[in-house]
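# Breakdown of the fold
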Amino acid sequence: GPKVLQIPSHQIIDMGQMVTLNCDPVSNHLYFYWYKQILGQQMEFLVNFYNGKVMEKSKLFKDQFSVERPDGSYFTLKIQPTALEDSAVYFCASSPGQGRDTQYFGPGTRLLVL
Amino acid sequence: GEQVEQRPPHLSVREGDSAVIICTYTDPNSYYFFWYKQEPGAGLQLLMKVFSSTEINEGQGFTVLLNKKDKQLSLNLTAAHPGDSAVYFCAVREGGRALIFGTGTTVSVSP
């Protein structure tokens, strides 16, 4: 089936540094998402992106977070500066449309902030 | 906002037995319901999506039941096999874009 790729699979950084998580969505999809999963907890929605804009974001999407997809390349999540509580697995997803359309998920990037 | 409770958190079954996972949601306006399977180190794999009220949907080795009256979604693994060992998540969407996930159920199937 359709595959979403995420790079890197793991990232360890020091608190206060910047990190960029990269997502290669399914090629003909138009909607892109980031979700965050803290160990042992449920996956939580961060942000949805369409047509170059943030369409919807949750309260977890702090001011230090930003997303973009320059020129149809990777869909990225940048955290600047990072905090200890940003340690989690971040999942990217993409879908062709909304509503009943399936969101296809990547394998996640495991981020550890020290 | 929508809240989704999923139970049980852990399920251990013998090969050939059945296993049931239940999600209860709160928002009666939720329209779209999904079950995902997550194997170690992998992303979420869609098992099934359902939309209609009170409907039984059959997949390969599992059945999904949506009961909108009781606001419940269930996944029944029929005749479980070791390949079914994974974490299972339900997800609910009311019409917006975000999926609201359950807390996950870790299923272990032993031979």
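Refer to the preceding data block for the structure.
This write-up is about the structure you can find in this document. (Residues numbered from 1 in each chain as written. Chains lettered and ligands numbered in written order. Predicted model: local features only at pLDDT ≥ 70, side-chain atom pairs only at ≥ 80, totals over all residues. Heavy atoms only, no water.)

### Overview of the state of the cysteines
Residues and elements named next belong to chain B. Heads up, the rule is: In plain terms, two cysteine sulfur atoms within 2.5 Å form what is called a disulfide here. The helix count covers DSSP runs of H or I at least four residues long, the strand count covers runs of E at least two residues long, and both are numbered beginning at the N terminus. When accessible area is computed with a 1.4 Å probe and restricted to protein chains, residues below 20% of their type maximum are described as buried, those above 50% as exposed, and intermediate ones as partly exposed.
Taken as a whole and assessed by the stated rule, the structure comprises two disulfides over all chains. The disulfide bridge from Cys-23 ends at Cys-90, spanning 1.9 Å between sulfur atoms. Between Cys-23 and Cys-90 the disulfide shows an S-S torsion of about -95°. By sign, it is left-handed. Residue Cys-23 is found in strand S3 (residues 19-25), and its partner Cys-90 is found in strand S9 (residues 86-93); the two are separated by 67 residues along the sequence. Classification of Cys-23 by relative accessible area gives buried; the value is 2%. Classification of Cys-90 as buried rests on a relative accessible area of 0%.

### A look at the environment of Thr20(A)
Convention followed: Residue contacts are counted whenever heavy atoms from the two residues lie within 4.5 Å of one another.
Tracing the sequence through the fold places Thr20(A) in strand S3 (residues 19-24). Sequence-distant contacts of Thr20(A), that is, excluding residues within four places in its chain, are made with Pro8(A), Thr76(A), Leu77(A) and Lys78(A).

### Considerations on the side chain of Asp27(B)
All names here are of chain B. What counts is decided by this rule: By the counting scheme adopted, Arg and Lys are positive, Glu and Asp are negative, and His together with the chain ends is not counted. Criterion for a salt bridge: a side-chain nitrogen of Lys or Arg within 4 Å of a carboxyl oxygen of Asp or Glu.
Considering the arrangement of structural elements, one finds Asp-27 in the loop between S3 and strand S4 (32-38). Within the buried set, Asp-27 has no salt-bridge partner at all; the shortest N-O distance to an opposite charge, 8.2 Å, is to Lys-71. Sequence-distant contacts of Asp-27, that is, excluding residues within four places in its chain, are made with Glu-2, Lys-71 and Glu-94.

### Concerning the sheet that holds S3(A)
All names here are of chain A. For the record, the criterion: Being paired, for any two strands, means DSSP has found at least two bridges between them. Under this scheme, a helix contributes an axis fitted over its contacting stretch, all axes are lines through C-alpha atoms, and angles between N-to-C directions fall in the 0 to 180 degree range.
The antiparallel open sheet is built from four strands, whose spatial order is S1-S3-S8-S7. Bordering the open sheet on either side are strand S1 (5-7) and strand S7 (65-68), each of which pairs with just one other strand. The mean angle between the axes of side-by-side strands here comes to 20°, regardless of whether they run parallel or antiparallel.

### What about unusual backbone geometry?
With an omega dihedral of -5°, the bond running from Gln80(A) to Pro81(A) counts as a cis peptide bond. By the element assignment, Pro81(A) lies in the loop between strand S8 (75-79) and strand S9 (88-95). Each neighbour pair has its own omega, and for Arg7(B) with Pro8(B) the value is -5°, a cis peptide bond. Although it is not a glycine, Asn51(A) adopts a positive phi angle of roughly 55°. Among the secondary structure elements, Asn51(A) is positioned in the loop between strand S5 (43-50) and strand S6 (53-57). A positive phi angle, close to 50°, is found at Ala79(B), a residue other than glycine. Note that Ala79(B) resides in the loop between strand S8 (72-77) and S9.

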